[in-house]
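So you can see what is in the structure, the chains are spelled out below.
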Amino acid sequence: MNMWGDRAAKVLREAQYPDTWPYTEEDFSRLDESNDQLFYSQPRLVYHIDEFAIRALTKFYKNNFVPGADILDVCSSWVSHFPEDYKAGFVAGIGLNELELSKNSRLDEYHVIDLQENPTFPYPNDRFDIVTMVVSVDYLIKPLQVFREIGRVLRPGGTAYISFSNRCFPTKAVSIWLASNDMQRVYIVGSFFHYSGMFTTPRAYDLSPNFGITDPLYMVTANKKS
């Protein structure tokens, strides 16, 4: 692990959180406040991180996914970056563009849901072993509600994997994200887990394959309390 990897892990090992939710409504404002369904109505069958970051993410999944898990991919699209040889039990996706979701061969089923308007998952409590979210946490305007939903649908001991980079649609990313650096973003995502009240202490990993050359990639993960 490089210096920055050590630093990312240390951010959450030493994190101190205020007693109450510290963020304001303004923190989750955006340059473009129009309905997200309009913005994402045009399919984007492209990768949102480069091939090096994708390979790093897939390798991390390969090393950490439990065999045969039931998985929910939140803010899903036409690809989920799971290892090709990984055999899940059941995979569901939630996203905003139906064509993108329909192209995702890893999904057994999907739902088109605007989590900005309705941060509720159409699944019962304790349904999944794993929840993933790839380079999308920076767009959430109701992150506390979404993270509580993640906790609700996870089985006790189940794991949430939240990955992010520094690439985004800047008009749709929330203001606190745009105003923060990578280590501050690690802290922010860790705080979402913390304030949901449903997870063990989150952990951070720097998965950046070529620091300063290719896309950075960070993972913040936590287990649902048993």
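Before going into details, it helps to say that this report is about the structure given with it. (Residues numbered from 1 in each chain as written. Predicted model: local features only at pLDDT ≥ 70, side-chain atom pairs only at ≥ 80, totals over all residues. Heavy atoms only, no water.)

What follows deals with the overall build of the chain. When helices and strands are tallied, the chain shows seven helices and seven strands. Each helix (α) and strand (β) of the chain, taken in turn from the N terminus, gives the series α-α-α-β-β-α-β-β-α-β-α-α-β-β. Relative to the 2.2 N^0.38 estimate, which gives 17 Å for 226 residues, the radius of gyration of the chain is 16 Å and therefore close to what a compact globule would have. If you sum the accessible surface of the chain, you get close to 10,600 Å²; carbon and sulfur atoms cover 51% of it. Charged side chains of the chain number 22 positive and 28 negative; the gap between the two group centres comes to 5 Å. (Helix = DSSP H or I, 4+ residues; strand = E, 2+ residues; numbered from the N terminus. Rg over C-alpha atoms; globule rule 2.2 N^0.38 Å. Areas by Shrake-Rupley, 256 points an atom, 1.4 Å probe, with all protein chains shown as cover. Lys, Arg positive; Asp, Glu negative; His and termini not counted. Charge placed at Lys NZ, Arg CZ, Asp CG, Glu CD.)

On to helix α3 (residues 51-64), then. Taking 1.5 Å per residue as the helical rise, α3 with its 14 residues ought to reach 20 Å, and the 20 Å between its terminal C-alpha atoms agrees with that figure. The inward-facing, buried residues of α3 contact β4 (128-134), β5 (154-164), β6 (203-206) and β7 (218-223). The backbone nitrogen of F52 has a side-chain oxygen 3.1 Å away, supplied by the residue at the start of α3, namely D50. (Expected span 1.5 Å × (residues − 1). Contact = heavy atoms within 4.5 Å. Polar contact = N/O pair within 3.5 Å; in protein donor to acceptor, adjacent residues only side chain to side chain.)

Here we take up the nonpolar core. Core analysis: the largest hydrophobic core is formed by 45 residues, its most contacted members being L72, F121, V137, F147, I150, V189 and F193. Setting aside anything within four residues of it in sequence, one finds L72 in contact with A92, G93, I94, F121, Y123, F128, I130, V131, T132 and V153. By size, the runner-up hydrophobic cluster in this structure holds 22 residues, among which are A53, F82, L207 and L217. (Core = buried A, V, L, I, M, F, W, Y, C linked by side-chain atoms within 4.5 Å. Buried < 20%, exposed > 50% of the residue type's maximum accessible area, 1.4 Å probe, protein only.)

What follows concerns the sheet that holds β6. If you trace the seven strands from one edge of the open sheet to the other, you get β3-β2-β1-β4-β5-β7-β6, paired in mixed fashion. Sheet topology places β3 (109-112) and β6 at the edges, where each strand pairs with a single neighbour. Mean inter-strand twist for the sheet, computed between neighbouring axes without regard to direction, equals 15°. Against the sheet, helix α7 (residues 182-196) engages β5, β6 and β7, with an angle of about 20° to β7. (Pairing = 2+ DSSP bridges. Axes fitted to C-alpha atoms, helices over the stretch in contact; angles between N-to-C directions.)

To continue, consider helix α5 (residues 143-153). Burial runs high along α5: eight of the 11 residues are buried. Of the positions making up α5, those classed as buried are P143, L144, V146, F147, E149, I150, G151 and V153. Those residues of α5 hidden inside the fold are in contact with β1 (70-74), β4, β5 and α7.

Okay, unusual backbone geometry next. For C75, which is not glycine, the phi dihedral falls at a positive 60°. One can find C75 in the loop between β1 and β2 (90-95).

What follows concerns the pattern of salt bridges. Any two side chains of opposite charge can pair if their charged atoms end up close together. What the rule picks out here adds up to 10 salt bridges. The salt bridge partner of R30 is E33, with a shortest N-O separation of 3.4 Å. Residue D85 is joined to K62 by a salt bridge in which the shortest nitrogen-to-oxygen separation is 3.0 Å. Taken together, the positions of D85 in the loop between β1 and β2 and K62 in helix α3 put the pair 23 residues apart, joining distant regions of the chain. A relative accessible area of 52% places D85 in the exposed class. Three or more residues are tied together by salt bridges with common partners; here these are D70, R127, D129 and R155. (Salt bridge = Lys/Arg side-chain N within 4 Å of Asp/Glu carboxyl O.)

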